[in-house]
Amino acid sequence: QSVAVLGAPFSRGQKKRGVEHGPKVIRDAGLIERLSSLDYSVHDFGDLSFHYPEKDEPYMDVNFPLSVGGANKMLAGAVSGAVGAGHTVVMLGGDHSLALGSAAGHARQCPDLCLIWVDAHPDLNTPMSSPSGNFHGQPVTFMLKELQGKVPEIRGFSWVKPFLSSRDLVYIGLRDVDPGEYQIMKALGIQYFSMRDIDRLGIQRVMEVTFDHLLARKQRPIHLSFDIDSFDPSLAPATGTPVNGGLTYREGIYITEEIHNTGLLSVMDLVEVNPVLGNSREATEATASLAVDVIASCLGQTREARRSVAPYDR
Ligand code: DIR
Ligand code: MN
Ligand code: MN
Ligand code: MN
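Here the structure is a predicted model, which means the values were calculated and not measured.

Conventions we followed
Residues numbered from 1 in each chain as written. Chains lettered and ligands numbered in written order. Predicted model: local features only at pLDDT ≥ 70, side-chain atom pairs only at ≥ 80, totals over all residues. Heavy atoms only, no water. Core = buried A, V, L, I, M, F, W, Y, C linked by side-chain atoms within 4.5 Å. Buried < 20%, exposed > 50% of the residue type's maximum accessible area, 1.4 Å probe, protein only. Helix = DSSP H or I, 4+ residues; strand = E, 2+ residues; numbered from the N terminus. Contact = heavy atoms within 4.5 Å. Near = heavy atom within 4 Å. Polar contact = N/O pair within 3.5 Å; in protein donor to acceptor, adjacent residues only side chain to side chain. Areas by Shrake-Rupley, 256 points an atom, 1.4 Å probe, with all protein chains shown as cover. Nonpolar A, V, L, I, M, F, W, Y, C, P; charged D, E, K, R; others polar.

## So, the nonpolar core
So, step 1. Within the largest apolar cluster, 49 residues are counted, with the highest numbers of intra-cluster contacts made by Ile26, Ile116, Ile172, Leu224, Ile295 and Leu299.
So, step 2. Take this core: its biggest share by element is eight residues, from helix α10 (residues 281-298).
So, step 3. Ile26 has contacts with Leu31, Leu92, Leu270, Val273, Ala291, Val292 and Ile295, leaving out every residue within four places of it along the chain.
So, step 4. Among the nonpolar cores identified, the runner-up in size contains 48 residues, and Ala99, Leu124, Leu147 and Ile184 belong to it.

Below is the structure:
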């Protein structure tokens, strides 16, 4: 069992500086040691180094189109290579625009993947509907086959080919959905669980229906894209767009435990940890430490018992 850790220090998918330091603070919170203690051979691929064009004017509601397109292209190649080499991949962002490259690279190796998107936001705006011009609110739009032809061609994005059907996507944790996003969710019949749905059904039922929806017909690789802002801001304050009323610690960890238990997790993204936005060092460290808990839980850390390296046979 081998895990590849890949840092993507990128922040041009939104306007707040600092999220590019996400990979460093998540590593500093002890990620590699925790994964090693779970008995994986951990391959830390370090951080990608992105280069930016001098001039990168907005295109419609997409800021920094060449930077975003180029960084995601590079990330797609790295993720594809790591999956092809047999690793389970942990991608550390960076902002959520990076999910486009991560999932696209994953799909090159695993064309039948399904996508679980844990987030306060569906990140399903188009370059026409975006209220902010931030690409981190748009990556899912560029993945969906059903939206091919509905998104304009953008400089820097010629490498992007939609690879996902809307029935192969489930959202969990939504509570801040823009009108254009909601219109697409409804038009395509995307399966989603808002925080209200979690209140009504409970997280156990939500995960049951999620796996029924994605895995009942056949077992397939899972791509998990986990935005730390899915958690309540009291738990994850150091993030760019916090929204009240988010996941509890126990709901978040139940989601990741259940995903681990499928045995199908192939690539995960952990994004939007921004150490500059914590109001104190403690707030930042708590957010980074939560990110480590989420990743470790996805990879088999349980609340039932800690694993020991060689139980009883010493
Ligand atoms: C908003 C915020 N829907 C936008 N999106 C965020 O800018 O499109 N996604 N924060 O994580
Ligand atoms: Mn997001
Ligand atoms: Mn979000
Ligand atoms: Mn296991």
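## Topic: the site of ligand 1
So, step 1. Around ligand 1, the neighbouring residues are His121, Asp123, Asn125, Pro131, Ser132, His136, Gly137, Asp178, Glu181, Asp227, Asp229 and Thr241.
So, step 2. Between an oxygen atom of ligand 1 and a side-chain N or O atom of His121, the distance comes to 3.3 Å.
So, step 3. In this structure, Asn125 approaches ligand 1 through a side-chain N or O atom, which is 2.9 Å from an oxygen atom.
So, step 4. Its free accessible area being 320 Å², ligand 1 has 93% of it covered by the protein chains.
So, step 5. When grouped by side-chain class, the residues that make up the shell around ligand 1 number one nonpolar, six polar and five charged.

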